[in-house]
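Chain residues, written in single-letter form:
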Amino acid sequence: MSSYTQKKGFGATVWDYITTVDHKKLAVMYLLAGTLFFAIAGFEALLMRIQLMKPNNDFISAGFFNELLTMHGTTMLFLAATPLLFAFMNMLVPLQIGARDVAFPFLNSLGFWLFFLGAVFLHLSFFMGGAPDAGWTSYASLSLYSPGHGIDFYVLGLQISGAGTLISGLNFIVTIITMRAPGMTFMRMPLFTWTSMVSSSLILFAFPPLTIGLLMMLFDRMFGGNFFDHMMGGNTIIWEHLFWIFGHPEVYILVLPAFGLFSEIIPAFSRKRLFGYSSMVFATILIGFLGFMVWAHHMFTVGMGPTANAIFAVATMAIAVPTGMKVFNWILTIWGGSIKVTTPMLYALGFIPSFVAGGVTGVMQASAPLDYQLHDSYFIVAHFHYVIVGGIVTALFGSAHFYWPIFFNRMLNETLGKWTFWVFFIGFHLTFFLQHFLGLMGMPRRVFTYMDGQGWDQFNYISTVGAAMMGVGVIMMVINCLMSIKGKPAGRDPWGDGRTLEWSIPQPIPFYNFRQTPLVRGLDPWWIEKQEGNKEVTFAEPIGDIHMPNNSAIPFVISLGMFIAAFGALYNPDADKPWSIYVLIIGLAITFGAMITRSVKDDHGFHLHKEDILEIEEHLYGKGGNK
Amino acid sequence: MMKGLKKWRLFSLLAVMMVFLSGCGEDYLSTLKPSGEVGQQQLNLLLLTTVIMTLVVVVVSVIYLLAFVKYRRARVGENVIPKQVEGSHTLEVIWTVIPIILLLIIAVPVVTTTYKFADVAAMDEVDEEGNKTALTVNVTAKLYWWEFEYPNQGIVTAQELVVPTGEKVYFNLIAADVKHSFWIPAVGGKMDTNVENVNKFYLVFDKESQDLKDGVFYGKCAELCGPSHALMDFKVKTLSPDAFDAWVDAMKATEGQTADKASTDLGEATFANSCLGCHAISGSGAGGAPGPNLTTFGDRNRVAGFLEHNEESLKAWIKNPGEFKPGNLMMNAEGTAPIYGDLSDEEIEALATYIMGLSVEK
Amino acid sequence: MDFNTKFTPHTWPDHPEQATMEGKNKVVGFWIFLACEVVLFASLFATYLALKNKGPAGMEFTTQGLYELPLAFAMTMLLLTSSLTSVYAIHHMRNFNFKGMQTWFGITLLLGAGFLALEVYEFYHYTHLGFTFTQSAFATAFYSLVGTHGFHVSLGLVWISTLMIRNAKRGLNLYNAPKFFVAALYWHFIDVVWVFIFTVVYLMGVIG
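Since we're looking at a predicted model, the values are computed, not measured.

Asks: How do you make sense of the overall build of chain A when you look at a structure like this?
Replies: On a plain count of helices and strands, chain A comes out with 20 helices and 2 strands. Burial status across chain A gives 67% buried among its 627 residues. Just so you have it, chain A exposes about 19,200 Å², and 70% of that area is on carbon and sulfur atoms. Side-chain charges of chain A comprise 33 positive and 36 negative groups, with the mean position of each set lying 11 Å from the other.

Shown next as structure tokens:
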């Protein structure tokens, strides 16, 4: 069985990545794809900031600016933040619960390819007649009025990538429910696993309303439906409700795993278990639950009436309570600990004040009558960037440093990492702090330009300077990542302060993760073993056969079929493109053909025997290594 | 590390100073300098929440900095294993109850004000003769301009809202094409103009606008509505009640005013040929015109809501409106030429003079 | 237990669908998927209720005038019965009676196809009255809600028949038992959704 240890050629490696169902390889693919889209969306933001640097600027035209703001928001939320968090979830959740893979490896791969090809489809709009231009919220009256195919790209692209996200979310939940190692009870699960599970449940309940909303828009735009046409009895407010029933939980879908990541980083570098673990779990679930009760606070000015506004205002404020619990628990984890200021810890420390600042402006906007002033002004732009950059992006950057050795068996450079942090962090506050005041001074959001003499010039200029600093920070981060290729292998538990199971695995991690399933004896199992002077975790089983899933190209083919079909659907309403219907049929035929192949062909996976395992480990760790 | 912290402190100091230096924005545009009851109460809420929230940020930051300074590994020793504390019920209760109390302090004024701002019952009150007692303005938002109809007075204008000071002015808001949002930052919060239903709210204007820099308050569209969303500005002129009544009378007196195709004035003739189809020049009547009513054009503060108010910009606008407001409906569907065709320079010249002369105040 | 182990009715486990890790994952995952479908249909129901009887000025179609309860009742009976027959099929699956399972699934398919035929007739009938998809917001919402359900039914028919054909020759094992079980679960779900459609759309439309 030397096929496990052979070196592969380039073509074989590419094929391996297209067909892989290994959660670790998929995590790397999510990481790369997410970074790509993060860079694209960041570049779009820079273009917009340049345009707004001075009044009456003509760097970018009005229509193109709207395309940029739409694609920036859509890409950052759906195609950058989500996959980057999925990268960490994919990599860490099975390792943290002591599993050899996720519950549905095949679906894991399908989820990735649907997301990725949907994202590519959406971005092709730039080269095929214009990107969507109705904002990431795509409110119905404007999106139905919008000419060209931009909105159609939005609808179909999000439908496909949304299906991928949904599939992945379902997969994580089942994995966490059924695949935990012996002894890994729910209340011993690392907090990142907990937040991943709650966040996945949110995905499960939040994405279907979006799916339906997008379907309705598809019907209205392509098949003459009347959901949002008020002349025909339709109602555009339905779209707003459906969108925000999805859109508000989406914020928590992203921020909860970020909380989880910090709940791993802070205890590790404080050398202290997480303070109030059970109340952290409770707060996570409560935030997830309340997250569904508050969507209409995005619609205070829509005219829902005072009763609805008052209810949603108070409900929204309630979310501040569990969030506050979390913040205090983090601080109390630091209190009395032994704090090592590494780059990930620096991000965690920068996160706390930034995120609290974003949170309190959230409470201000929850005050409905005050929100009449703040809504759709630059104040809200400042608020959600404080939450998303201050909460989620810092989590992603910090955990990239923290978990780089798990992903690639390499460390990122600490000195450069700290420099990156300061450049990015200062740039971030420079960009967004003053935007609160721009909003209060009457500047509406989503404006492509502004006249002078309104008192906004200076702050906008400073904001653009800050954005440039953030750009430099991101480039420094990418350089750091690229430099790590040449670095030394990091080895097992390179920070020395790892607490959870993922740090107990020898590096590089074999594709079956655990040679023997570990036995979990408490919260922070690896910390417990280390405190008892053990060099290995306790095992729950002797070395024996390991059952692993087969690779498969079918997920890629299914997604490719959808990708092709989407072009057919897109051009179908055009009278001058009669070929589009055939494209649609061919695409759907590919997808269904692949699905039927999947269900007709048995896939039992394969077994690794003891001698294969020993051979692989000898190859990875040298003779007699890692006993 | 500490060096970095100092830098951060210096920077925040700088930021705070800058905010003070540039004040709170302009009094015709800033929510921080309100000229009316609604805006004032919103500012009060802003101050209340800001004080409480700043308190929260300060408390969190102080504890956190203290923890951070006290417990760095360099201080506590490299090999120290801290006590693995599980948690504390007392502390959990404290930091659950205190935020709840703080939120209740905010929630009470929030709920009462929400109901107060939504109270538009007075809109339908009538006096003994059956006339409505409150002033109502029907606002229709259209692709990149605003129509203001005064149903009880039977007059209509556009782009520049004229209202009296010192009384509640009620608004009926609707959009004619896509969704917009009606916002006068210095007077009070916004309300969306939906396409399918009428939204109602009120504002109070305290200050006469003639003392302001441009003599008007600035109004904005706050909901993304297409390429020219950023340019969909309007202005608000507030008059004393007497001056407002005089203005209403002047508007009513323009009843039947029109342009004559056979006029010897080239401007009027051109207007009658090319513009009158969409733009009325009588302020009497109801709304619903395809283009803004131009009766008070000479009295206004801006051309097209945002360009300087002079004949030069008006001529440039007439020549190619699409250049200034992309996507506006004075252009044909392809956006290549104005729907009224190409006018000669001479005609545009005369037309600008004529339109600038339309006034009820002069 | 291995996938390819040959069983006798005696050695066949009580819950074959959950006897393997894969089977267990499948069942748990499918329940979660159904939760997700519930939200999907809830969104459609909410939209339908918001747009019921809404149309362009002067529209003559209303729920009272349009719907025919006897037809909807017949469809309900067909689908309810098919749900029952799929219970029999799973009962036989648990007893390792492959023939019995196939027979009852066959009957389920026939009943499902009958339901679908009636639905196609109903839509055909309405469009001939002028109540087309593009006629009004009401029509769009109606066809989207009921049509999405119909789409689920046809998907279920294709799914169950594929399973039956694929496994016709090899009988039951622990690899395909969870597949049959999950397909039956899906069929029940479709049935439950229809009960809500019958109540909310037809009953409340005609009587309420």
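Next, the rest of the story.
Asks: Explain the overall build of chain C to me, please; I cannot follow it from the model alone.
Replies: Looking only at helices and strands, one finds 6 helices and 0 strands in chain C. Taken from N to C terminus, the helices and strands of chain C fall in the order α-α-α-α-α-α. Taken along the three principal axes of its C-alpha coordinates, chain C extends 70 × 30 × 25 Å. Put simply, of all contacts in chain C between residues at least 6 apart along the chain, 78% involve residues at least 24 apart. When the accessible area of chain C is evaluated, it comes to approximately 8,900 Å², of which 70% is carbon and sulfur surface. Across chain C, 11 positive and 10 negative side-chain charges occur, with their mean positions spaced 11 Å apart.

Asks: Looking at this model, I keep getting lost on the interface of chain A and chain C. Mind explaining?
Replies: Interface extent is often summarised as the accessible area lost during association of the parts. Contacts between chain A and chain C engage 36 residues on the former and 35 residues on the latter. Both sides together, the interface formed by chain A and chain C hides about 2,900 Å², and carbon and sulfur atoms give 72% of it. Applying the counting criterion to the chain A and chain C interface returns 2 salt bridges. Between Asp602(A) and Arg170(C) there is a salt bridge whose closest N-O contact spans 2.3 Å. Seen at the junction of chain A and chain C, the total is 9 residue pairs in polar contact (both at pLDDT 80 or more). For the side of chain A that touches chain C, the elements supplying multiple residues, two or more each, are helix H6 (150–178), helix H7 (191–222), helix H8 (236–270) and helix H19 (580–600) of chain A. Here the side of chain A that touches chain C gets 8 residues from one element, more than from any other, and that element is H7(A). Of the residues contributing to the side of chain A that touches chain C, the split by class is 22 nonpolar, 11 polar and 3 charged.

Asks: Would you mind going over the interface of chain A and chain B with me for this structure?
Replies: In this complex, chain A contributes 104 residues to the contact, which on the side of chain B involves 97 residues. Buried area between chain A and chain B, summed over both chains or domains, comes out near 8,400 Å², and the portion from carbon and sulfur atoms is 70%. When residues of chain A are sorted by the area they lose upon contact with chain B, Arg271(A), Trp335(A) and Gln373(A) head the list and together hold 8% of the total. For the interface between chain A and chain B, the tally reads 2 salt bridges. Residue Lys179(B) is joined to Glu240(A) by a salt bridge in which the shortest nitrogen-to-oxygen separation is 2.9 Å. Split by residue class, the side of chain A that touches chain B holds 59 nonpolar, 33 polar and 12 charged.

Asks: Explain the sheet that holds strand E10 (residues 234–239) of chain B here, please?
Replies: Pairing between the strands of a sheet comes from backbone hydrogen bonds, and it takes one of two forms, parallel or antiparallel. Residues and elements named next belong to chain B. In spatial order, the strands read E4-E10-E9-E6-E7; together these 5 strands make up an open sheet with mixed pairing. The open sheet has two edge strands with one neighbour each: strand E4 (160–164) and strand E7 (188–193). Across the sheet, the axes of successive neighbouring strands diverge by a mean angle of 25 degrees, strand direction being ignored. Sheet analysis places strand E9 (residues 217–221) next to E10, joined by 3 bridges and oriented antiparallel. Paired with Phe-217 across the two strands is Val-236, which belongs to E10.

Asks: Quick question: what am I supposed to make of the UniProt feature "transmembrane region" (unreviewed entry) in chain C here?
Replies: Residues and elements named next belong to chain C. Using the residue numbers shown here, the UniProt feature "transmembrane region" (unreviewed entry) corresponds to residues 28–51, 71–91, 103–121, 141–160 and 180–204. End C-alpha atoms of residues 28–51 are separated by 35 Å, and the span's content is 100% helix alongside 0% strand. Counting secondary structure, residues 180–204 comes out at 100% helix and 0% strand; the distance between its end C-alpha atoms is 35 Å.

Asks: I would appreciate a short explanation of helix H12 (residues 343–366) of chain A in the present structure.
Replies: Each α-helix winds once per 3.6 residues, and so residues spaced three or four apart point in a common direction. All names here are of chain A. Compared with an ideal rise of 1.5 Å per residue, which puts 24 residues at 34 Å, H12 spans 34 Å between its outermost C-alpha atoms and is within 8% of the ideal. Taking the largest bend as the criterion, H12 deviates by roughly 30 degrees, centred on Phe-351, and proline Pro-353 comes between one and four positions later. In terms of residue burial, H12 counts as a mostly covered element, since 20 of its 24 residues are buried.

Asks: Explanation requested: the packing of aromatic side chains in the structure shown.
Replies: One pair of aromatic rings is described through two measures. These are the centre distance and the angle between the planes. Under the defined criterion, the tally for this structure stands at 104 aromatic pairs over all chains. Consider the rings of Phe328(A) and Trp95(B), whose centres lie 5.3 Å apart with planes at 10 degrees: the pair is stacked. Residue Phe328(A) is located in helix H11 (residues 320–334), and its partner Trp95(B) is located in helix H4 (residues 89–117); the two belong to separate chains. Trp95(B) gets classed as buried once you look at its relative accessible area, which sits at 6%. Note on Phe73(C) and Phe198(C): the rings are 6.5 Å apart at their centroids and 50 degrees apart in plane angle, and the pair reads as tilted. In this pair, Phe73(C) sits in helix H3 (residues 69–94) while Phe198(C) sits in helix H6 (residues 177–206), placing the two residues 125 residues apart along the sequence.

Asks: Would you mind showing me how to read the sheet that holds strand E1 (residues 135–142) of chain B here?
Replies: Residues and elements named next belong to chain B. An order of E3-E2-E1-E5-E8 is seen for the 5 strands of this open sheet, with the pairing classed as mixed. Each end of this open sheet is capped by a strand with a single partner; those strands are strand E3 (155–158) and strand E8 (199–204). In this sheet, adjacent strand axes meet at a mean angle of 25 degrees when their direction is disregarded. Bridge count for strand E2 (residues 145–150) against E3 is 4 bridges, and the pairing is antiparallel. Looking across to E3, one finds that Tyr-150 is bridged to Ile-155. Packed onto the sheet, helix H2 (residues 37–70) meets strand E5 (168–175) and E8 and runs at close to 90 degrees relative to E8. The strands touched by helix H5 (residues 241–252) within the sheet are E1, E2 and E3, with E3 carrying the most contacts at an inclination of about 100 degrees.

Asks: Whenever I open this one, the nonpolar core confuses me. Can you help?
Replies: Here is a general trend for soluble globular proteins: nonpolar side chains tend to be buried in one another's company. The biggest cluster of nonpolar side chains holds 384 residues, and the ones touching the most others in it are Phe171(B), Phe182(B), Phe142(C) and Tyr202(C). With 22 residues, the top contributor of residues to this core is helix H3 (residues 62–97) of chain A. Tyr202(C) has contacts with Tyr67(C), Leu69(C), Ala72(C), Glu122(C), Tyr126(C), Phe142(C), Val146(C), Trp194(C) and Ile197(C), leaving out every residue within four places of it along the chain. Among the nonpolar cores identified, the runner-up in size contains 6 residues, and Met548(A), Leu608(A), Ile613(A) and Ile616(A) belong to it.

Calculation rules
- Residues numbered from 1 in each chain as written.
- Chains lettered and ligands numbered in written order.
- Predicted model: local features only at pLDDT ≥ 70, side-chain atom pairs only at ≥ 80, totals over all residues.
- Heavy atoms only, no water.
- Helix = DSSP H or I, 4+ residues; strand = E, 2+ residues; numbered from the N terminus.
- Buried < 20%, exposed > 50% of the residue type's maximum accessible area, 1.4 Å probe, protein only.
- Areas by Shrake-Rupley, 256 points an atom, 1.4 Å probe, with all protein chains shown as cover.
- Lys, Arg positive; Asp, Glu negative; His and termini not counted.
- Charge placed at Lys NZ, Arg CZ, Asp CG, Glu CD.
- Contact = heavy atoms within 4.5 Å.
- Buried area = accessible area lost by both parts, 1.4 Å probe.
- Salt bridge = Lys/Arg side-chain N within 4 Å of Asp/Glu carboxyl O.
- Polar contact = N/O pair within 3.5 Å; in protein donor to acceptor, adjacent residues only side chain to side chain.
- Nonpolar A, V, L, I, M, F, W, Y, C, P; charged D, E, K, R; others polar.
- Pairing = 2+ DSSP bridges.
- Axes fitted to C-alpha atoms, helices over the stretch in contact; angles between N-to-C directions.
- UniProt positions renumbered as here; feature names shortened; annotations may be inferred.
- Expected span 1.5 Å × (residues − 1).
- Bend = angle between axes of the 7 residues up to and from the residue.
- Phe/Tyr/Trp six-rings, centres within 6.5 Å; stacked < 30°, edge-to-face > 60°.
- Core = buried A, V, L, I, M, F, W, Y, C linked by side-chain atoms within 4.5 Å.

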